[in-house]
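Structural features, examined
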Amino acid sequence: MESVTQTLMEALALVALTAPMCLLACLGLMGLVGRPPTEQITGRMVTAGFLTSTFAALGLIPALLLSGARQAQVELGTWYAFEGHALYLTLQVDRLSVPFVVLTALLLGVVGSFSHRYLHREPSYGRFFLLLALLGSGTMLVVLAGTADMAFAGWEMVGVSSALLVGFFYERPAPVRNALWVFVIYRLCDVGLFAGIVLLHHAVGSDSFHLLGAGRSWPNGVSTAPIGQATAISILFALAAMGKSALVPFSGWLPRAMEGPTPSSAIFYGALSVHLGPYLLLRAAPLLDRAPVAATLLVVVGALTALHATLVGRVQTDIKCALAYASLTQVGVIFVEIGLGFRLLPLAHCVGHACLRSLQILRAPSMLSDVHEVEAAVGGILPRSGIVLGQLLPSTAQRWMYRWALERCYLDALLERCAVGPFREMAAAADRFERRWTDRLGGTDASAADLALQPTPGKKP
Amino acid sequence: MIESIFEFPELVPALLAIASLAVDRSLSVRSATRIGAGAAAVACALTVGGWVLGPPPESHGGHFTIDVLSRVLLPYVTFAFLCILVASPRRDRDPASLARLLLAEALVAALFSTRSPGLIAAFWALSPVPVWAALRTRSRPVAKVFAIYAGTSAALLAAGVALGSGGDDPSAAGVVLVALAILMHKGVMPFHSWVPVLFEKGAMWTALAYMLPQAGAYAVMRLLVPAAGALGRGPLWAIATAALATALYGAVVGVGQREAMRALGFVVMSQFALVLVGLDTVTSVGLLGGLTMWLSSGLALTGLGLALRALEVRRGTLRLDILSGGHDRMPLLAAAFLILGLASVGFPGTLGFVAEDLLVRGAIGTYPHVGIGIVLATALNGITILRAYLALFCGARETSSVAVGLKPRESLVLTALVLLLLFTGIIPGPVVASRREAVRAALQGAKLPPPGPGHH
């Protein structure tokens, strides 16, 4: 019985992972050879791919409950190997990954079905589903990964697809600029994840999540890594999670991400993408348990983020931004829970919050109609909520905080002044030196060739 | 027929050199293209066939030989040059340019077919000549800058080889001179300034023809790694450190560029420097990572360069500080640009990811900071790539009525490169296996002691 359950779990996990990947491969290849499928065929392919993944994911629940060990490692083989070094394709099926797999598959299916109608006759209909399949494949890879290397691959796929979804309406300059900003934040924070993996290899000698918890099932894993190394790795993982989940000081990308189409917003910052940060930290929980400094950092950053988001969210004038900041408030609270040492609570919080927020964002385009219906039903204008706390403050403080919230706590300005600006200056200085040197060698006028990095008016990417 | 390239390693270089002469005498672009493409295709077929179907290579002991290292490098070079020849726009395919391109290919093929230090020095000195000749017709100042670096590099290598950089008792002075020559040829700091200029002011084919073979990496494998056993890891680690600094520096400066070709130059400089980082770790996995990145970044950046050139022909100067749009009018070009660009910086699902993973794993055993430096450099290069994609293809509606679609030969080459990088990224086993023997042979030749407790 045990072996049957094990085999079943392996098969279901494999199907749940590969279904979105097959969809991605089909859509991608057809587009690449210049034969993109019609809307109808795309819709059928998407339905088939996501339904298959959803059924397989749902099947994992009874399979996991029936298994005595409450966890399984699915060995898919070796991707490549050389003299003791190998990248193993291993899936981790346990009480952490299965809820996320089910959530991912269900939300992909719901958003796919919604988008089929929402984007009907949109010129980039096929491209949206290609990116959705890429995001789905990446998310599945992250949540099912049995090794940190595999998780990193999925993490990167989610990052690129998210940025491209933000810039989905590519004929307008604002989405394009915002897509680049999102990608920059992601990419730089991803260095934390890879650096953490590098240190993990160095400290533990393996990047297997199973071995990270000494073989015990989640959330009972125990790490034997030295405290110093566990702290360093946890902080690096926390950096990656902060970028992916838009925590302070990286929250500036969140309102910029509103430029994407509503269905991608629902799955991107409402449900899956922003919760991958908490997922990563929960997966690395054995290390966090040995790193009180990193745990404290999570509590502080999470609390700051929750405070920031609830403050800024109150002054937003469009529903998508308001929902995004509401989402961020909850994500901040989830980080606090993880930092305080809870494991099952943040997991339940993630799943519940993702479902609620997705529903709200998918309904956002119909918000005016919904409000009018409710107001008609109650026979009057709905009262404003959330103003009690604000009225407790003195009027000067109210004005000051209102301005501060409108400017989103100046976080982007802070990043621009402290990081982007100096970096740009340094690069510009280096480039000027390069040009002068080569012009001197070649015997041309340096100033005539000095085109790089000088500010020019007009649209900037 | 295919086995003949093992019996006569001079066959491919000779064929290309003869074709170069014939092309130079052609009277029209069409006939020059036919002759050139035919010769390049035959060279590619011979080398690929030799790799896939040929017998296990054996050392012939002569001046020219195809061994486990060159067995994969030759198909790589001939395929990349074939892509350049086929996908270059018509204005780049005048008989004189094509003849120089074929001559450059012949010299590189000859270089990759020899292990003799003297011949390496000779082909090393000759290989920049066709590129320099083409640059002179376009921009004399650029040709002068290029000549200063390439000429100095050739002189240093010749002096190093003359002093004795190889064998069981290599001269330290010879090794230092060879190392300096390699740094100059590869565009490693502080000898890197010519690389962005070559891409910005030169024709794309000249930049690709000189950079993509990565003759500097070949010289490391042939001249420096064998000397490591006698002189220790010091010289190699010095090169690796300089290469890592170059990768980071190129990535930082590349992010802020306002001109697409110059930005590509910095990305190429940065990514190709990572190949040296891997080779100079002289660990089995690091070497494997370096050799794999040699192929992956070379093919991806060749495709990226060709895509940029195709766009430049249609649009003129490519600026990154304005949003140009045109995605819906050139969807294949935009998609190919994005995929090739991401492949060059190690996006999952492409061969670049495998190469970067191996490279980092090879480095972390002994020096974890090298691994983190590699990741930081590729992260910054990734930002440059996406920035270029968004600026060149998005952000505006292109209203020009001029037809801008790709020609079939351009589509064919870009699609082939994309599929090749994706296929080898998803199934990397054959590529990794093909490099395994080269790594073992290099380590055997180096006779190195283990580098430390962290070495795997």
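Residue and element names in this part refer to chain A. Once the domains are mapped, chain A shows domain 1 (2-364) and domain 2 (410-449). Computed over C-alpha atoms only, the centres of domain 1 and domain 2 are separated by 37 Å. Counting residues at the interface gives nine residues for domain 1 and four residues for domain 2. Approximately 520 Å² of surface area, both sides summed, lies buried where domain 1 meets domain 2, with 73% of it carried by carbon and sulfur atoms.

Residues and elements named next belong to chain B. Partitioning chain B into domains gives domain 1 (1-114) and domain 2 (116-446). A separation of 20 Å is found between the C-alpha centroids of domain 1 and domain 2. The partner domain 2 presents 40 residues to the 36 residues of domain 1 that form the contact. Both faces combined, the contact of domain 1 with domain 2 buries some 3,600 Å², and carbon together with sulfur accounts for 75% of it. Looking at the side of domain 1 facing domain 2, the largest losses of area belong to L69, Y76 and L111, adding up to 19% of the total buried there.

Attention now goes to the packing of aromatic side chains. All names here are of chain A. Tallied over the full model, the rule gives 19 aromatic pairs over all chains. Consider the rings of W400 and W404, whose centres lie 5.5 Å apart with planes at 15 degrees: the pair is stacked. With W400 and W404 both in helix α18 (residues 395-406) and four residues apart, this pair spans about one turn of that helix. Looking at K244, its charged tip hangs above the ring of Y186, at a distance of 4.2 Å from the centre.

Before going further, it helps to spend a moment on a nonpolar patch on the surface. Residues and elements named next belong to chain A. Residues L51, F55, L58, I61, L65 and L106 make up a contiguous nonpolar surface patch of about 550 Å² in total accessible area. Among the elements that line the nonpolar patch, the one with the most residues is helix α2 (residues 39-66), at five residues. Along the polypeptide, I61 turns up in helix α2.

So, on to the nonpolar core. Counting 328 residues, the largest nonpolar core has V93 and W253 of chain A together with W294, Y389 and L392 of chain B as the members making the most contacts within it. Top element by residues in this core is helix α15 (residues 284-315) of chain B. It accounts for 16 residues. When sequence neighbours within four positions are dropped, the list of residues in contact with Y389 of chain B reads L164 of chain A together with H327, A334, F337, L338 and C394 of chain B.

Now for the confidence of the model for chain B. Low-pLDDT portions of the prediction should not be read for the details of their coordinates. Confidence in the prediction of chain B, expressed as mean pLDDT, is 88, and 93% of residues score 70 or more. Within the model, the stretch residues 451-456 of chain B combines pLDDT values under 50 with twelve contacts to residues more than four positions away or in other chains.

Conventions and cut-offs
- Numbering of residues starts from 1 in every chain and runs along the sequence as written.
- As they are written, the chains are lettered A onward and the ligands numbered 1 onward, keeping that order.
- Owing to the predicted nature of the model, reporting of local features is limited to residues with pLDDT of at least 70; listing and counting of side-chain atom pairs is limited to 80 or more, with chain, interface and lining totals taken over all residues.
- To get the side-chain values, take all heavy atoms of the structure and skip hydrogens and water.
- Annotation comment: domain bounds sourced from an automatic or database domain assignment.
- Whether two residues are in contact is decided by their heavy atoms: any pair within 4.5 Å suffices.
- Put simply, buried area is the surface a 1.4 Å probe can reach on two separate parts but cannot reach once they are joined, added for both.
- Working definition: rings of Phe, Tyr and Trp (its six-membered ring) pair if their centres are within 6.5 Å, and the pair is stacked with planes under 30 degrees apart, edge-to-face with planes over 60 apart, and tilted otherwise.
- Secondary structure counts use DSSP, requiring at least four H or I residues in a row for a helix and at least two E residues in a row for a strand, with both numbered from the N terminus.
- Should the NZ of a Lys or the CZ of an Arg lie within 6 Å of a ring centre and within 35 degrees of the ring normal, that charge is described as sitting over the ring.
- Within the patch definition used here, like charges are joined within 9 Å and nonpolar side chains (Val, Leu, Ile, Met, Phe, Trp, Tyr) within 5 Å, considering only residues with over 30% relative accessible area and no salt bridge.
- Areas reported here follow the Shrake-Rupley algorithm with a probe of radius 1.4 Å; residue values treat only the protein chains shown as occluding.
- The salt bridge criterion pairs a side-chain nitrogen of Lys or Arg with a carboxyl oxygen of Asp or Glu, the two atoms within 4 Å.
- Put simply, buried Ala, Val, Leu, Ile, Met, Phe, Trp, Tyr and Cys residues joined by side-chain atoms within 4.5 Å make one nonpolar core.
- Burial status follows relative accessibility: with a 1.4 Å probe on protein chains alone, a residue under 20% of its type maximum counts as buried, one over 50% as exposed, and anything between as partly exposed.
- Confidence scores here are pLDDT values: one per residue, from the predictor, ranging 0 to 100.

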